[in-house]
Amino acid sequence: MKVLLLNGPPRSGKDGIGRKLWNKLPPGTVRLKFAEPIIQFMFKTYGIRMAEVNKDEPHPFLSGRTPRQVAIAYSEKFCKPLFGQEYFGECALDEIKNMERIHQKLCIFTDSGFPHEARPVAAVYPTLQIRISRPGTSFIHDSRSYWDLPNIGVIPFDNDAPTLTALGDKVYADLVPEIVKWLAL
């Protein structure tokens with residue numbers, strides 16, 4: 001089992017890039033999220049499917065708050081203080097082990113924004129970070145950031161593609177060959 005971590009600011013294309021990679025990389029590749037416990041909390045508590053709402057628009061079930069605000073509060077004010085900074089990384093590690101049991105070979109996390117999430121995963125599995133940048137995006141007003149850990153390699157990727165088709169072409173031309181080389185190591 002090996003792990004890819006997509007790291008980039010909001011709206012930099014992490015999910016789209018993750019889908020393109022999942023479509024092109026070998027069978028046995030699965031897409032996961034460190035935020036899965038948060039996604040489950042939002043659905044079970046408020047009936048909100050995070051993939052189907054505008055995360056930055058106030059939601060009627062959230063007393064004028066946005067889904068992103070509530071998700072961040074759940075993470076930063078409840079989970080991490082109660083369970084520790086590495087909580088989401090430890091949850092991810094459990095999920096990777098489950099994927100390994102069903103013979104998956106590569107996990108792609110499309111939402112890596114904290115080194116303390118990556119640390120438990122990288123301590124067990126070979127891990128590579130795809131550091132995504134995109135014009136007009138940044139981590140301003142976001143608790144996540146670019147990060148470095150000594151045992152994780154980094155491939156920079158500039159998402160300057162004007163369309164999803166162009167993004168796919170760029171992912172296939174620039175990222176996939178680098179990842180395939182890393183997988184062969």
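Residues numbered from 1 in each chain as written. Predicted model: local features only at pLDDT ≥ 70, side-chain atom pairs only at ≥ 80, totals over all residues. Heavy atoms only, no water.

Undergrad: Got a minute to help me understand the pairing of strand S1 (residues 2-7) in this structure?
TA: On a regular strand, one side chain projects to one face of the sheet and the next to the other, so that they alternate. In terms of burial, S1 is largely enclosed, as six of its six residues are buried. Residues of S1 alternate between two faces, with Lys-2, Leu-4 and Leu-6 on one and Val-3, Leu-5 and Asn-7 on the opposite face, all of them buried. Taken together, the four bridges between S1 and strand S3 (residues 106-109) define a ladder with parallel strand orientation. Bridging across to S3, Leu-4 finds its partner in Ile-108. Judged from the five bridges that link them, S1 and strand S4 (residues 127-133) form a sheet pairing that is parallel. Bridge pairing links Asn-7 to Arg-131 in S4. (Buried < 20%, exposed > 50% of the residue type's maximum accessible area, 1.4 Å probe, protein only. Helix = DSSP H or I, 4+ residues; strand = E, 2+ residues; numbered from the N terminus. Pairing = 2+ DSSP bridges.)

Undergrad: Can you walk me through the pattern of salt bridges in this structure?
TA: Opposite charge on two side chains allows them to pair when their charged atoms are near. Scanning the entire structure with this criterion turns up nine salt bridges. With a shortest N-O distance of 2.7 Å, Asp-15 and Lys-33 are connected by a salt bridge. With Asp-15 in helix H1 (residues 14-24) and Lys-33 in the loop between strand S2 (29-32) and helix H2 (36-46), this pair connects stretches of sequence that are 18 residues apart. With relative accessibility at 31%, the residue Asp-15 sits in the partly exposed group. Via salt bridges that share partners, Arg-11, Asp-56 and Arg-68 belong to a single interconnected network. (Salt bridge = Lys/Arg side-chain N within 4 Å of Asp/Glu carboxyl O.)

Undergrad: Help me understand helix H6 (residues 164-184), please; the structure alone is not making it clear to me.
TA: One full turn of an α-helix is made of 3.6 residues, so residues set three or four places apart face in the same direction. The first and last C-alpha atoms of H6 sit 28 Å apart over 21 residues, in line with the 30 Å expected at 1.5 Å per residue. The sharpest bend along H6 reaches about 40° and sits at Leu-175, with the proline Pro-177 one to four residues further on. Within the span of H6, buried status applies to Leu-167, Gly-168, Lys-170, Val-171, Leu-175, Val-176, Ile-179 and Trp-182. In this structure, the buried side of H6 is in contact with S1, H1, S3, S4 and strand S5 (153-158). (Expected span 1.5 Å × (residues − 1). Bend = angle between axes of the 7 residues up to and from the residue. Contact = heavy atoms within 4.5 Å.)

Undergrad: Before we go on, may I ask you to explain the packing of H2 against helix H3 (residues 67-83) in this structure?
TA: The angle between the axes and the distance between the axes are what describe a pair of packed helices. Two elements in contact, H2 and H3, have axes separated by 10 Å at closest approach and are oriented at 115°. Considering how the two elements wind past one another, H2 and H3 form a crossing that is right-handed. Of H3, the residues touching H2 (which contributes Pro-37, Ile-38, Phe-41, Met-42 and Tyr-46) are Pro-67, Val-70, Ala-71, Tyr-74 and Ser-75. A breakdown of the residues in the contact of H2 with H3 according to their chemical character gives nine nonpolar, one polar and no charged. (Axes fitted to C-alpha atoms, helices over the stretch in contact; angles between N-to-C directions. Left-handed = near helix turned anticlockwise from the far one by under 90°. Nonpolar A, V, L, I, M, F, W, Y, C, P; charged D, E, K, R; others polar.)

Shape is all these values report; function is a separate question.
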